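Structural description and commentary
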Amino acid sequence: MSNGGPAAIGDGTRVVAAGRRKEWTQGPNQGTGTVNPPVWRASTILYDDVAALRANNAPDTHHRLFYGRRGTPTQWSLADALTQLEPGAEATLLYPSGVAAIASALLAVLSPGDHLLVPDSAYDPTRSLANGLLKRMGIETEFYDPLMGAGIAALCRDNTAAIFLESPGSLTFEVQDIPAIVAVARARGIVTLLDNTWATPLLFPAIARGIDYTILAATKYVVGHSDAMLGSVTAAKGRYDALRTATYQLGQCVSPDDAYLGSRGLRTMALRLKQHGESALTIARWLKGQPGVARVLHPALPDCPGHELFHRDFKGAAGLFSVVLEGGGEQARAALIDGLEHFGIGYSWGGYESLAIPIDPQHVRSVTRWEAPGPAIRLQIGLEDSADLIADLDRGLARFRATA
Ligand SMILES: *Cc1c(COP(=O)(O)O)cnc(C)c1O
């Protein structure tokens, strides 16, 4: 089990085995060990003598004790596990949140004077980073239509250093033509970074598909229980040095307790994702036929822009999608959401519990237009029974129609 085994083993087996190196689980008495790598809490690392102190100070201290900020076996185990889930990857580093992972990866590859391409459907804090800190650093961001595939070549300039991707897009779930965009980037020596939080490496193995840096808000499906913040960046072969250097300089690190919760969550991620995906698809299909529902933005359904690319490129669907309502306004939408019994009202997603939030994509677009016949809602489908969630949504839609 020490190195995750060959890629041919199943997803359940892979997440159970990943990152559990013998050297990180072995006990003080020979021939024993714990199942989970324990929580190593540390700032100071003690060295036996000056020679040992000098010997352990290396530019890359991944997998060796040096100083608490550079991690302990608890963080390395989770990082290694995520690397093992991405065939072709060199290494993974952890961050205190998904946003910190996105910021660190972009700062690792961009310099003043560079041009950056970001999809118009990107997660709002990614837009905010581009329009704020990156702009202040002299990096110019151009937002692009997420449905632009090979056509992105027309936007590439001599100083285009990176293309950021997020597929499906936040809130509106546009599926991008990742292979076409990767081909354009590779031909021009442009770095690609993908926010792969929705699919995870289990539904879209990004590095194997040619992405240079794949980013997860591990807060979502990796942690899986809505009780810790965590991010990760996995680098393709040859891309790790730049990431490590920037990450060390920025002082990014993760507590061993949070890394432990990430590892704990990861063990059931394949199982959870399968159930989230199955229930979400059942519910999305049911919603599609209901009065009051205009469109269901689920990548596996034809209402969703780019859904044919989803069927071509992804191994399955996750548990997050949106619904566009027919007519009605703010009040009718609130009547639907407020009375839900099994859906919490709150940000984030990927935990075991269902969530519903109002979304207003028109406020976070600059080069594409969001047009809809009514308000929209984003649903995170949890691990409750889908029949109970459908009954809840059925009552919610009745409230919506009565108010609209
Ligand atoms: C939540 C989210 C993030 C940010 O993750 P945090 O851990 O909340 O900082 C990034 N990208 C996407 C697509 C997300 O949904």
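Here goes a summary of the coordinates provided. Everything numeric here is computed off the predicted structure, so don't read it as measured data.

Right, let's talk about the pattern of salt bridges for a bit. Side-chain pairs of opposite charge can arise whenever the charged atoms involved come near each other. Scanning the entire structure with this criterion turns up 18 salt bridges. Across the pair K288 and D303 runs a salt bridge, and its minimum N-O distance is 2.9 Å. Of this pair, K288 sits in helix α11 (residues 269-288) while D303 sits in the loop between β8 (293-297) and α12 (307-313), placing them 15 residues apart in sequence. Its relative accessible area of 39% is what places K288 among the partly exposed residues. Of the charged contacts in the structure, one is a salt bridge between R395 and E341, with a shortest N-O distance of 3.4 Å. Taken together, the positions of R395 in helix α14 (residues 386-403) and E341 in the loop between α13 (330-338) and β10 (343-344) put the pair 54 residues apart, joining distant regions of the chain. The class of E341 is exposed, set by a relative accessible area of 58%. Overlapping salt bridges bring together R21, E23 and D80 as one network.

As a structural note, the neighbourhood of the ligand is formed by 14 residues, with G98, V99, D195, T219 and K220 the closest of them. Between a nitrogen atom of the ligand and a side-chain N or O atom of D195, the distance comes to 2.6 Å. For the ligand, an oxygen atom lies 3.0 Å from a polar atom in the side chain of W349. Most atoms of the ligand, that is more than half of them, are within 2 Å of grid points of the largest pocket.

This paragraph deals with unusual backbone geometry. Residues apart from glycine generally show negative phi values, whereas peptide bonds are mostly found in trans. Residues S167 and P168 are joined by a peptide bond in cis, for which omega reads -5°. Its location among the elements puts P168 in the loop between β4 (160-166) and α7 (178-188). Its identity as a non-glycine residue notwithstanding, L171 has a phi of 70°, on the positive side. We note that S226 has phi near 55°; this positive angle belongs to a residue other than glycine. In this fold, S226 is placed in the loop between β6 (213-216) and β7 (231-236).

Overall, mixed pairing links the 7 strands, which are arranged β1-β7-β6-β5-β4-β2-β3 in an open sheet. Looking at the sheet topology across the chains shown, the edges are occupied by β1 (89-95) and β3 (140-144). Ignoring strand direction, the axes of neighbouring strands in this sheet form an average angle of 20°. In this structure, strand β5 (residues 191-195) lies alongside β6, joined through 3 bridges in parallel fashion. Among the inter-strand pairings, D195 is bridged to a residue of β6, identified as I215. The sheet contacts of helix α4 (residues 73-84) involve β1, β6 and β7, and relative to β1 the element is tilted by about 135°.

A large share of β1 lies buried, amounting to 6 of its 7 residues. In this structure, β1 lies alongside β7, joined through 6 bridges in antiparallel fashion. Residue pairing in the sheet places L93 in a bridge with V233 of β7.

Cut-offs used in this document
Residues numbered from 1 in each chain as written. Predicted model: local features only at pLDDT ≥ 70, side-chain atom pairs only at ≥ 80, totals over all residues. Heavy atoms only, no water. Salt bridge = Lys/Arg side-chain N within 4 Å of Asp/Glu carboxyl O. Helix = DSSP H or I, 4+ residues; strand = E, 2+ residues; numbered from the N terminus. Buried < 20%, exposed > 50% of the residue type's maximum accessible area, 1.4 Å probe, protein only. Near = heavy atom within 4 Å. Polar contact = N/O pair within 3.5 Å; in protein donor to acceptor, adjacent residues only side chain to side chain. 1 Å grid on protein atoms, 1.4 Å probe; cavity = no way out; pocket = protein on both sides within 12 Å on 5 of 7 lines; lining within 4 Å. Sits in = over half its atoms within 2 Å of the grid points. Pairing = 2+ DSSP bridges. Axes fitted to C-alpha atoms, helices over the stretch in contact; angles between N-to-C directions. Contact = heavy atoms within 4.5 Å.

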